[in-house]
Amino acid sequence: MRFFLLDSLPDCAPGPWLPPRGLAAHMKALRFAAGEAFLLLTDDSCRVAHWSGSEITIGAHAPRPTLNLRPVTLATAWPKGARADELITRIAEAGVMTVQPLVCERSVSGRKPLPDNKLKRFNRRMREVCQQCRNPHAPELMSQPISAIEAIQERKDALALLLQPGARPLIEVLSRELPTADGHQREILLLVGPEGGFSQQEETDLLAAGAVATGLLPTVLRIEAAGPLAAALCQHDR
């Protein structure tokens, strides 16, 4: 069943609701028929709803749809301008669970917290992409940048992978990973540096903290390409 991701349900729920213009236009573009059922999802709710052709009738609670995705956190340096929008789109497509901006020695952008207007825009874009990709769980985007070492410390149980051009291929690293005691695969923490990469000292510190160096291609990828590509490979390997 198709679904739509919302920040929150309208005050009228349950009951009839005149949706925002954008959502109504989207449903008409998808050629929803009158009476057709779908789901409305928020972080803590899932409701069955029906489309009348002009309004939505919100009904009872329903089980939330699930998707068998590996938990992947992408801790990444932040690109400039429109490249950040490209990064956000690719992150949502790749099934990333959490997005953690990094501040690094060579960072030229992303050193300050994401402003509220950008945070809202990025979250809205990720929901739109996830709807299209049929992923019921949009990534959680952290607003406060932290260091790569702090990212490892916050996720001590995750397999931390430091992306480096030309390092041992990611697929090879994942193929040698052992499952956890309960048979599940571990969370992956992907560490992506800025243009110019992590400094030598940062790399030394990260490897000493338990990160595993791994690569994608012998070439150097841009920030908005490296993380999403690595995340997609992590999902492919599960």
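Higher on the page you've got the structure.
Small disclaimer: the values here were computed from a predicted structure and weren't measured.

(A) Main features of the sheet that holds strand S2 (residues 15-17). One open sheet accounts for five strands, arranged S1-S3-S4-S5-S2; its pairing is mixed. In the strand order of this sheet, the two ends are held by strand S1 (3-5) and S2, each with one partner. Going across the sheet, the axis of each strand differs from the next one's by a mean of 35°, ignoring polarity.

(B) Representation of the packing of aromatic side chains. Applying the stated criterion across every chain, the model contains four aromatic pairs. Ring geometry for Phe4 against Phe38: centres 5.5 Å apart, planes inclined by 90°, an arrangement best described as edge-to-face. Highlighted residues: Phe4 in strand S1 and Phe38 in strand S3 (residues 37-41), separated in sequence by 34 residues. Considered together, Phe4 and Phe38 belong to a single accessibility category, that of buried residues. Taken together, Phe4, Phe32 and Phe38 form an aromatic cluster joined through their ring pairs.

(C) Just helix H1 (residues 21-29), in detail. Listed in full, the buried residues belonging to H1 are Leu23, Ala24 and Met27. Around the axis of H1, the buried residues are gathered within 100° of arc, so they sit on the same side. For H1, exposure combined with an orientation more than 90 degrees from the buried face picks out Arg21, Gly22, Lys28 and Ala29. Contacts from the buried residues of H1 go to S1, S2, S3, strand S4 (46-51) and strand S5 (56-61).

(D) Examining the nonpolar core more closely. In terms of nonpolar packing, the biggest core is built from 36 residues, with Trp78, Leu141, Leu161, Ile188 and Leu190 touching the most fellow members. Those residues in contact with Leu141 that lie beyond four places of it in its chain are Trp78, Ile88, Val99, Leu114, Leu119, Phe122, Asn123 and Met126. Of all hydrophobic cores here, the second largest spans 17 residues; its members include Ala75, Cys104, Ala158 and Ala211.

About the criteria used
Residues numbered from 1 in each chain as written. Predicted model: local features only at pLDDT ≥ 70, side-chain atom pairs only at ≥ 80, totals over all residues. Heavy atoms only, no water. Pairing = 2+ DSSP bridges. Helix = DSSP H or I, 4+ residues; strand = E, 2+ residues; numbered from the N terminus. Axes fitted to C-alpha atoms, helices over the stretch in contact; angles between N-to-C directions. Phe/Tyr/Trp six-rings, centres within 6.5 Å; stacked < 30°, edge-to-face > 60°. Buried < 20%, exposed > 50% of the residue type's maximum accessible area, 1.4 Å probe, protein only. Arc of directions from axis to C-beta. Contact = heavy atoms within 4.5 Å. Core = buried A, V, L, I, M, F, W, Y, C linked by side-chain atoms within 4.5 Å.

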